[in-house]
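Now for the letters of each chain:
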Amino acid sequence: MIPELGHFALILALAVAVVQATLPLVGASRGDVRLMMLGRTAALTQAFLVVLAFGALTQCYVTSDFSVANVVANSHSAKPLIYKISGVWGNHEGSMLLWALILSLFGAAVAIFGDNLPDSLRSRVLSVQAAIGIGFLAFLLFTSNPFERLSPVPLDGNGLNPLLQDPGLAFHPPILYLGYVGLSVTFSFAIAALLEGRVDPAWARWVRPWTLAAWCFLTLGIALGSWWAYYILGWGGFWFWDPVENASLMPWLAATALLHSAIVVEKRDALKSWTVLLAILAFSLSLLGTFLVRSGVLTSVHAFAQDPARGLFILCFLLGVTGGGLALYAWRAPTLQPGGLFQPISREGALILNNLLLCTLAATVLLGTLYPLFLDLVTGNKVSVGPPFFNATFVPICAPLFAALAVGPFLGWKRAEIGPALLRLRIAFAVSIVAAIVAAVAIDGRATLAALAFGFGVWLIMASLSEFVGRVRRGRLSTMPRAAIGMTISHAALGVVVLGCVGTGAWNTELIRTVKAGERISFLGYELTLDKVEALRGANYIADRATLSVTVGGKPYTTLTPERRMFITPRRQVAETSIHTNLLRDLYATLGEGDATQGWVIRLYLNPLAPWIWLGAAMCAFGGFVSLSDRRLRIGAPRRTRPMAQPAE
Amino acid sequence: MLLLLALFTWPAFAVEPREMLTDPALEARAREIGRTLRCVVCQNQAIDDSSAEVAHDMRRAVRERLVAGDSDAAVYEFMVARYGDYVLLKPPFKAGTLLLWLGGPLVLLIAGAALLVAARRRRAVPIPATEPLSAEEQRRLDALLGR
């Protein structure tokens, strides 16, 4: 009965969403407070119903209810409890339900925390939010029902993909979705503002916490996915420019641009029209990501055409949301009054440059991701776009971005001088030049791009510190807004990530060797001995585990225990890497094919600065959270003293 | 994200010791090339990162050509002749990929030019004098400043 309750709750949620998407909108345009207030109740009800549905599916998974087709396809009774729970979103239907859940929770959050919003704006935001919700709930109910029953009931399930049975990946989807879906709130605010016909600093301040929260989660989600790839794929790579990764990187780039342009709206009442457009685009890229991943179009254009119902639905939905948003924008944006004026050399100018470069980066990734699909569709020619392409096109645009990122915070609003800003950066500049030269001489032995990139990483950190120290010197630490502290942390963190990427990507060392038990390997000053390889049994897998004792200078240092796991249902082999980190470098070992007589294939990697990639990303998100705690976001925007503008017809 | 998994349907054991060349310089070149060639049955995986049978054969073909004394360019030519442009993870610069290669820079150029034009036009328009405060606003300002 539980699955039917869940199914029923989902249908009710759709009905509520239809009400929420229409009546408050009518209320807002007529000035009818009762209809507007309906939005809040409906948002809470809808969230409650979707939570109920999600809870029902979770219950089916936890109790291994194999009368539900979705549970049979993706679960197994022998799975540990945590993976039974993460199995809920480890499949198509469940992950779409998670999307709908987070969407409705964000709607409820707007309803609860939106007290300081004008009634008409809040009702419009909630209506747009519900309109998106209709799309996802209908998608679930009509093409991807997670509650479908099965008869006869099988004895056990097919099990979850073993690669998913990992703590890192168990929580990757919810966090990433918090980011993806969080951008829906920004989108709703943008559409509501277009309907209202006004965008002002107060609007920017209301939108900021939502954008910032979404951005933080997106950052964390991407980092978690990259970390997972690093330790599970067994050869030390951390970013593959895979379409699925690109699908999450594009909204991140757009959200980063949005975060910065919204500051200009808030502080200077300028860039309004552009910011609204960016909000629409950022969420569209989120939906595009969902479409790319969920429709199967990535596997092949033809696979998509063979099972078109789901893909077509998301495609139409994507076109509707993006096209509708852009059409409304084209119609209403010209009515937005342009605000504050400024000179090209100014904080505003720097933030525009930031937006220009970030959007170019997003466009580059978009082209690289979609081009093979379009070419195949149009001409039938097949072309591959992989890491070497992105290294040649994406990375060069990062250089001016990083160079300008350091200077921007030193520029004043409206008009500024570039000279004094550069003068205050002289120490940072000198240190990064030295760092680049040292890297070139000591590590590469010649001038390399890696050394240059290393210099850029140091530049970002030093410049952020200079700016911070400058503020402290002028005695402004106690009054420094949290947003400024958050900026310093996030900007410096980007430098840390760059250093980690350079270290791991350019300066790693690899050793692949067939080793017999008792044999010794020398690896960059580490002495490794393969003590033994033993067979063991896990809850739902069998494994070979190698024990490698590591000594440095004759003294015991650590023990590495890479495993090779064979999962029973479904049958699949997974490498369990063993990593020893001292936060400056990772010593990374995997166990490959082999047996006692032939010896075992052991892969060793030394990845300098590898942990910095994820520490930096976490720090970057932390900076976002610090900024989120800024006082001005907690107390809300000042109340408008002028009468409200006439609502849009 | 979950579809990431579909991409790695093969257990990720890539280059095997038995296929590696004894000459470290040649092997290093083989690895350099292997990173930029696509395993033709996998999804966006380089042959060096894939443990598909085909990737194994392709790695061996690369090494055979290198041992035979081919230059890197000749190895690429050989692989493209066999598998087409599809095998190159960095697509060649030609008519069909013009938009792919130039799209990003084009966005930058066009948007940059538009911004410059807008900035110049803005400079031509004198910044209008701000409206003076109304009596009500002046009163509130005074109150705020404690005057």
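Residues numbered from 1 in each chain as written. Chains lettered and ligands numbered in written order. Predicted model: local features only at pLDDT ≥ 70, side-chain atom pairs only at ≥ 80, totals over all residues.

1. Re the overall build of chain B
Under the convention used in this document: Helix and strand labels come from DSSP, where a helix needs a run of H or I of at least four residues and a strand needs a run of E of at least two; each type is numbered from the N terminus. Exposed residues have 12 or fewer other C-beta atoms within 10 Å of their own C-beta, buried residues have 20 or more, and residues in between are partly exposed; the C-beta atoms are placed from the backbone.
Summing up its helical and strand segments, chain B has 6 helices and 0 strands in all. In chain B, the order of α-helices and β-strands from amino to carboxyl end is α-α-α-α-α-α. Taken over 147 residues, chain B has a buried fraction of 28%.

2. Thoughts on the sheet that holds strand E10 (residues 599-608) of chain A
Two modes of strand pairing occur in sheets, parallel and antiparallel, and in both the strands are linked by backbone hydrogen bonds. Residue and element names in this part refer to chain A. Here is the rule we go by: Following DSSP output, two strands are said to pair if at least two bridges run between them. Axis lines are fitted through C-alpha atoms, for helices just across the contact stretch, and the angle between N-to-C directions can take any value from 0 to 180 degrees.
Strand order in the open sheet made by the 4 strands is E1-E10-E9-E8, with antiparallel pairing throughout. The sheet is open, and its two edges are formed by strand E1 (509-515) and strand E8 (578-581), each paired on a single side. On average, adjacent strands in this sheet sit at an angle of 15° to one another, irrespective of strand direction. Bridge count between E8 and strand E9 (residues 585-595): 4 bridges; the pairing is antiparallel. From the neighbouring strand, Ile579 faces E9, where its bridge partner is Tyr588.

3. Some thoughts on the domain arrangement of chain A
Residue and element names in this part refer to chain A. To be explicit about the condition: Domain extents, as shown, originate in an automatic or database domain assignment. Whether two residues are in contact is decided by their C-beta atoms, placed from the backbone, lying within 7 Å. Under the scheme applied here, ten amino acids are nonpolar (Ala, Val, Leu, Ile, Met, Phe, Trp, Tyr, Cys and Pro), four are charged (Asp, Glu, Lys and Arg), and all others, including Gly, are polar.
Domain parsing of chain A yields domain 1 (1-164) and domain 2 (509-608). The C-alpha-based centres of domain 1 and domain 2 are spaced at 43 Å. On the domain 2 side, the residues contacting the 8 residues of domain 1 number 7 residues. In terms of residue class, the side of domain 1 that touches domain 2 is built from 4 nonpolar, 3 polar and 1 charged.

4. Description of the interface of chain B and chain A
Contacts between the two partners involve 41 residues from chain B and, on the opposite side, 52 residues from chain A. Those elements that provide at least two residues to the side of chain B that touches chain A are helix H1 (4-7) and helix H5 (98-124) of chain B. Per-element accounting of the side of chain B that touches chain A gives the leading share, 10 residues, to H5(B). Among the residues making up the side of chain B that touches chain A, the classes are represented as 27 nonpolar, 8 polar and 6 charged.

5. Concerning the packing of helix H5 (residues 92-113) of chain A against helix H6 (residues 119-143) of chain A
Residues and elements named next belong to chain A. Here is the rule we go by: Orientation labels follow simple angle bins: below 35 degrees gives roughly parallel, above 145 gives roughly antiparallel, 65 to 115 gives roughly perpendicular, and whatever is left gives oblique. Crossing handedness: left-handed means the near helix sits turned counterclockwise from the far one by under a right angle, and right-handed means the same turn made clockwise.
The interhelical angle for the contact between H5 and H6, taken along N-to-C directions, is 165°, at an axis separation of 10 Å. In this view, H5 runs roughly antiparallel relative to H6, as classed from their interaxial angle. Classified by chirality, the crossing of H6 by H5 is left-handed. Across from Met96, Leu97, Trp99, Ala100, Leu103, Ser104, Phe106, Gly107, Val110 and Ala111 in H5, the residues of H6 making contact are Val125, Leu126, Gln129, Ala130, Ile132, Gly133, Phe136, Leu137, Phe139 and Leu140. Here the residues of the contact of H5 with H6 sort into 16 nonpolar, 4 polar and no charged.

6. Focus: the pairing of strand E5 (residues 555-560) of chain A
Of the strand pairs in this sheet, strand E4 (residues 541-552) of chain A and E5(A) are connected by 5 bridges, and their pairing is antiparallel. Residue A:Val552 lies in a different strand from E5(A), and its bridge partner there is A:Lys555.

7. Some words on unusual backbone geometry
Residue and element names in this part refer to chain A. Put simply, Ser151 and Pro152 share a cis peptide bond, and its omega is 0°. Structurally, Pro152 can be placed in the loop between H6 and helix H7 (167-170). If you check the backbone angles, Asp269 has positive phi at about 60° while not being a glycine. Within the secondary structure, Asp269 sits in the loop between helix H10 (243-268) and helix H11 (272-294). Judged by the 16 C-beta atoms lying within 10 Å of it, Asp269 is partly exposed.

8. Details of the nonpolar core
Taken as a class, soluble globular proteins show a tendency for nonpolar side chains to be buried jointly. Residue and element names in this part refer to chain A. Convention followed: Under the definition applied here, buried Ala, Val, Leu, Ile, Met, Phe, Trp, Tyr and Cys residues are grouped into a nonpolar core through C-beta atoms within 7 Å.
If you look at the biggest cluster of nonpolar residues, it comprises 238 residues, and the most contacted ones within it are Ala254 and Leu460. Among the elements that line this core, the one with the most residues is helix H9 (residues 201-232), at 22 residues. Leave out the neighbours within four places in its chain, and Leu460 touches Phe402, Leu405, Ala406, His491, Ala492, Leu494, Gly495 and Val498.

9. A few points about the confidence of the model for chain B
Residue and element names in this part refer to chain B. Formally: The quantity known as pLDDT measures the predictor's confidence residue by residue, on a range of 0 to 100.
Per-residue confidence for chain B averages 82 on the pLDDT scale, and 84% of its residues sit at or above 70. Within chain B, helix H4 (residues 72-83) carries the highest mean pLDDT (93), whereas H1 carries the lowest (40). Counted against residues more than four places away or in other chains, residues 1-12, with its pLDDT under 50, gives 37 contacts. The ipTM for the predicted assembly is 0.82, set against a pTM of 0.91.

10. Things to note about the packing of helix H2 (residues 33-62) of chain A against H5(A)
Residues and elements named next belong to chain A. Where H2 contacts H5, the axes come no closer than 8 Å and their chain directions differ by 150°. Considering the angle they form, H2 stands roughly antiparallel to H5. Here H2 runs over H5; the crossing is left-handed. Judged by residue contacts, Arg40, Ala43, Leu44, Gln46, Ala47, Val50, Val51, Ala53, Phe54 and Leu57 of H2 engage Gly94, Leu97, Ala100, Leu101, Ser104, Leu105, Gly107, Ala108, Val110 and Ala111 from H5.

11. Description of helix H6 (residues 135-144) of chain B
Of all 10 residues in H6(B), 0 are buried; the element is thus mostly exposed. In the stretch just after H6(B), B:Gly146 is the one whose phi turns positive, near 75°.

12. Focus: the environment of A:Ala596
When you line up the elements, A:Ala596 lands in the loop between E9 and E10. For the pair formed by A:Ala596 and A:Asn161, sequence separation is 435 residues and the distance between their alpha carbons is 29 Å.

13. A few points about the environment of A:His92
Residue and element names in this part refer to chain A. Mapped onto the fold, His92 is located in helix H5. Exposure remark for His92: the 20 C-beta atoms within 10 Å place this residue in the buried category. Between the C-alpha atom of His92 and that of Leu140, which follows or precedes it by 48 residues, the distance is 9.8 Å. Setting aside anything within four residues of it in sequence, one finds His92 in contact with Ser144 and Arg294.

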